[in-house]
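Residue-level listing of the chains:
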Amino acid sequence: MYRLLSGVTALGAATPGAPARGCGRRWAHQRAGAPTLGPGWVGGLGLGLGLGLALGVKLAGGGLRGADPAQPPAAAPDPDTPQEPCHAPGTPHSPEPPPARCFARAIESSRDLLHRIKDEVGAPGIVVGVSVDGKEVWSEGLGYADVENRVPCKPETVMRIASISKSLTMVALAKLWEAGKLDLDAPVQQYVPEFPEKEYEGEKVSVTTRLLISHLSGIRHYEKDMKKVKEEKAYKALKMVKGTMAADHGKELRDKGGRSSDKDDFPKAKPEQDGEVKCRNSKPGKKKNDFEQGELYLKEKFENSIESLRLFKNDPLFFKPGSQFLYSTFGYTLLAAIVERASGYKYLDYMQKIFHDLDMLTTVQEENEPVIYNRARFYVYNKKKRLINTPYVDNSYKWAGGGFLSTVGDLLKFGNAMLYGYQVGLFKNANGNLLPGYLKPETMVMIWTPVPNTEMSWDKEGKYAMAWGVVEKKQTYGSCRKQRHYASHTGGAVGASSVLLVLPEELDTEAISNKVPPRGIIVSIICNMQSVGLNSTALKIALEFDKDRSN
């Protein structure tokens, strides 16, 4: 009789349609610990079980089961309906919200891509968020936010966003400019007289807010050795020129329809006699990367942006302002001081007002003392290829250029606010009831317009604009590669990498009468491992969702 009881119990547990929770592991301890029934219990339990089953069947079915018509077999699950994945025990994986059915393929493909990237670089954890036309359709965490305590990543995980902070600071500058409180082309000394006037090669030069925003001011980054920086820039420029000349020569040959001869071969560079030119042609000495620079690991607490200026304000300019691109986080430290003087508020207070307006409630400056819920820990590999915690750092000297913490959800909100402002001007004739954007359309167009003489290090096809990198739409040949227009910014900090990418919809002005902004794909990815390139991954994910959206 005990066998009968056990069999019925097992049958009830395996009823078709009952969820297999915990990958079949839940309640296993209860079955293993079932008590052994003595002979005296068998008869009573058997009688009670039989009567109970008969009564239950009668009440549920209105009669004996044999008198009912045959029941159709349970329908097979719809292959198009996303099923809840059953993860192996011990695998960190946050429960994602139910995805929109039409994006199931894009989600599965993107998740697989992120697993590959995570495994390739050995990142402890990574979090992704995607929104389509202003609505978040997918957010998920993979791996661990805290390896030591086995805390899995989830959509609410808070991480360093590094240089995406620059794009946030740009909003503050743009609001002040729109309000007439900031002249982008005035010398910075008009707002921050503590920053000394500069000379370059004996000539007085002017550093402006506009030049600072696009990294054209000549102010140094973490590398202090001007010679190394100039050698590297000259070497890169020469390689680019040679590559362009070779490409033009090849195109000329193709246009002629002939093949190159000895005389027509691309001319080789003549031996240089000038020592300076030789230096430019030779490969420069190895320059330390950012993570080998001591200033990246500062532990000193700075009370305000003005105080932070002493780190670099007396250093010479590396280039003449406006002449060359030199990415500089310190330039944004100066911009934070400009925000303070132009607004009349402390920089962090002004930014918190903006975060409140944008509904970015989990975005804060990184400080060690406050308790910040869901904050991740940050990691790096040592020389023995072992995962270790990163050292303590104080980012108060660079709030504006790389000092904020956030979540993928907040970054999606920020991206959508920027995209809305960029597109809302196109919809005015279609719907007069649209609310204005946080920034005006003409302001967003200015921000996302590539600036001459700049570079976009995370995508060579693009240029730096105003606190964003921008790739413009381009297609050279029919039925060949089509370059989509998008804007993004990446980030790299001690123990962290990040990206925020905005892929606007290619709008047809004649077919937008029934649409409302924002229209496009936003992707945000944050990771608690440094030196992880995420822009190309974010672009692939955006294109996957755009493909499903189009279908």
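Each value, and the rule that gives it
Residue positions are counted from 1 within each chain, in the order its sequence is given. It should be noted that, the model being predicted, local features are given only for residues of pLDDT at least 70 and side-chain atom pairs only at 80 or more, the latter also being counted only at that level, while totals for whole chains, interfaces and linings use all residues. Side-chain figures throughout are based on the complete set of non-hydrogen atoms in the structure, without hydrogens or water. A run of H or I in DSSP counts as a helix once it spans at least four residues, and a run of E counts as a strand once it spans at least two, with each numbered from the N terminus. A contact between two residues is defined here by any heavy atoms of the two lying within 4.5 Å. With residues, only the protein chains shown are counted as cover, and all accessible areas are computed by Shrake-Rupley using a 1.4 Å probe. In a helix, the anticipated span is given by 1.5 Å times the number of residues less one. Note on classification: 1.4 Å probe, protein chains only; a residue is buried when its accessible area is under 20% of the maximum for its type, exposed when over 50%, partly exposed between these limits. Here a strand pair is declared whenever DSSP counts at least two bridges between the two strands. Every angle, taken between N-to-C directions, lies between 0 and 180 degrees, and every axis is a line fitted to C-alpha atoms, over only the stretch in contact when it is a helix. Only Phe, Tyr and Trp rings take part, Trp by its six-membered ring, and two of them pair if their centres are within 6.5 Å. Stacked means planes under 30 degrees apart, edge-to-face means over 60, and tilted covers everything else. When a carboxyl oxygen of Asp or Glu lies within 4 Å of a side-chain nitrogen of Lys or Arg, that pair is called a salt bridge. Put simply, angles under 35 degrees are roughly parallel, angles over 145 are roughly antiparallel, angles from 65 to 115 are roughly perpendicular, and the rest are oblique. Throughout, a crossing is termed right-handed when the near helix is turned clockwise from the far one, and left-handed when it is turned anticlockwise from it by less than a right angle.

A. The overall build of the chain, seen in detail. The helix and strand inventory of the chain stands at 15 helices and 15 strands. Intrachain contacts of the chain at a sequence separation of at least 6 include 71% that bridge at least 24 residues. Surface accessibility of the chain: about 30200 Å² in total, with carbon and sulfur atoms responsible for 54%.

B. Up close: helix H10 (residues 329–343). The first and last C-alpha atoms of H10 sit 21 Å apart over 15 residues, in line with the 21 Å expected at 1.5 Å per residue. Of all 15 residues in H10, 14 are buried, a share of seventy percent or more.

C. Highlighting the sheet that holds strand E10 (residues 404–406). Strand order in the open sheet made by the 3 strands is E4-E10-E7, with antiparallel pairing throughout. Among the strands making up the open sheet, the edge pair consists of strand E4 (159–160) and strand E7 (364–365). Two strands pair when backbone bridges link them, and E7 and E10 are joined in this way by 2 bridges, in the antiparallel orientation. Bridge pairing in E10 places Val364 opposite Leu405. Strands in contact with helix H11 (residues 347–357) are E7 and E10; relative to E10, the strand with the most contacts, it is inclined by about 20 degrees.

D. Looking closely at the packing of aromatic side chains. Taken as a whole, this structure holds 15 aromatic pairs when the rule is applied. Look at Trp458 and Tyr464: their rings are 6.3 Å apart centre to centre, the planes differ by 80 degrees, and that puts the pair in the edge-to-face class. The same class applies to Trp458 and to Tyr464, which are both buried. The structure contains a cluster of three or more aromatic residues connected by ring pairs, namely Phe195, Tyr222, Phe312, Phe330 and Tyr397.

E. Representation of the pattern of salt bridges in the model. The final tally for this structure, using the stated rule, is 27 salt bridges. Between Glu194 and Arg341 there is a salt bridge whose closest N-O contact spans 2.8 Å. Of this pair, Glu194 sits in the loop between helix H5 (164–178) and strand E5 (198–200) while Arg341 sits in helix H10; the two residues are 147 residues apart in sequence, bridging distant segments of the chain. Of the residues examined, Glu194 reaches a relative accessible area of 31% and is grouped as partly exposed. Here the salt bridges share partners, and the residues they tie into one network are Asp133, Lys482, Arg484, Glu505, Glu506, Lys515, Arg519, Asp546 and Arg549.

F. Quick look at the pairing of strand E14 (residues 496–504). Judged by how many residues are buried, E14 sits mostly within the fold: 9 of 9 residues are covered. Side chains of E14 alternate between two faces, with Ala496, Ser498, Leu500, Val502 and Pro504 and Ser497, Val499, Leu501 and Leu503 buried alike. Inspection of the sheet shows strand E13 (residues 486–493) paired to E14 by 7 bridges, in the antiparallel sense. The residue of E14 that forms the bridge with Ser488 is Leu501. Joining the antiparallel neighbours E13 and E14 is a turn of 2 residues, in which Gly495 adopts a positive phi near 75 degrees.

G. Layout of the packing of helix H4 (residues 104–121) against helix H15 (residues 535–550). Where H4 contacts H15, the two axes come as close as 8 Å, and the packing angle between them is 165 degrees. Judged by the inter-axis angle, H4 sits roughly antiparallel to H15. As H4 packs across H15, the resulting crossing turns out to be right-handed. Listed contacts from H15 to Ala104, Arg105, Ala106, Ile107, Ser109, Ser110, Leu113, Leu114 and Ile117 of H4 are Thr537, Lys540, Ile541, Glu544, Phe545, Lys547 and Asp548.

H. Summary view of the sheet that holds strand E3 (residues 151–152). In spatial order, the strands read E3-E2-E1-E15-E14-E13-E12-E11; together these 8 strands make up an open sheet with antiparallel pairing. The open sheet terminates on both sides in strands that have one partner only, identified here as E3 and strand E11 (463–464). Here strand E12 (residues 469–471) runs beside E13; their pairing, made up of 3 bridges, is antiparallel. Within E13, the position partnered with Val471 by the bridge is Tyr486. Where H4 meets the sheet, its contacts fall on strand E1 (125–132), strand E2 (135–146) and strand E15 (520–527), and the angle it forms with E2 comes to roughly 25 degrees. Where H5 meets the sheet, it contacts E11, E13 and E14, and its direction lies at approximately 125 degrees from that of E13.

I. Broad picture of H4. The first and last C-alpha atoms of H4 sit 26 Å apart over 18 residues, in line with the 26 Å expected at 1.5 Å per residue. By the burial criterion, the buried members of H4 are Ala104, Ala106, Ile107, Ser110, Arg111, Leu113, Leu114, Ile117 and Lys118. Buried positions along H4 lie against E1, E2, E15 and H15. Positive phi appears at Gly122, one or two residues downstream of H4, with a value of about 75 degrees.

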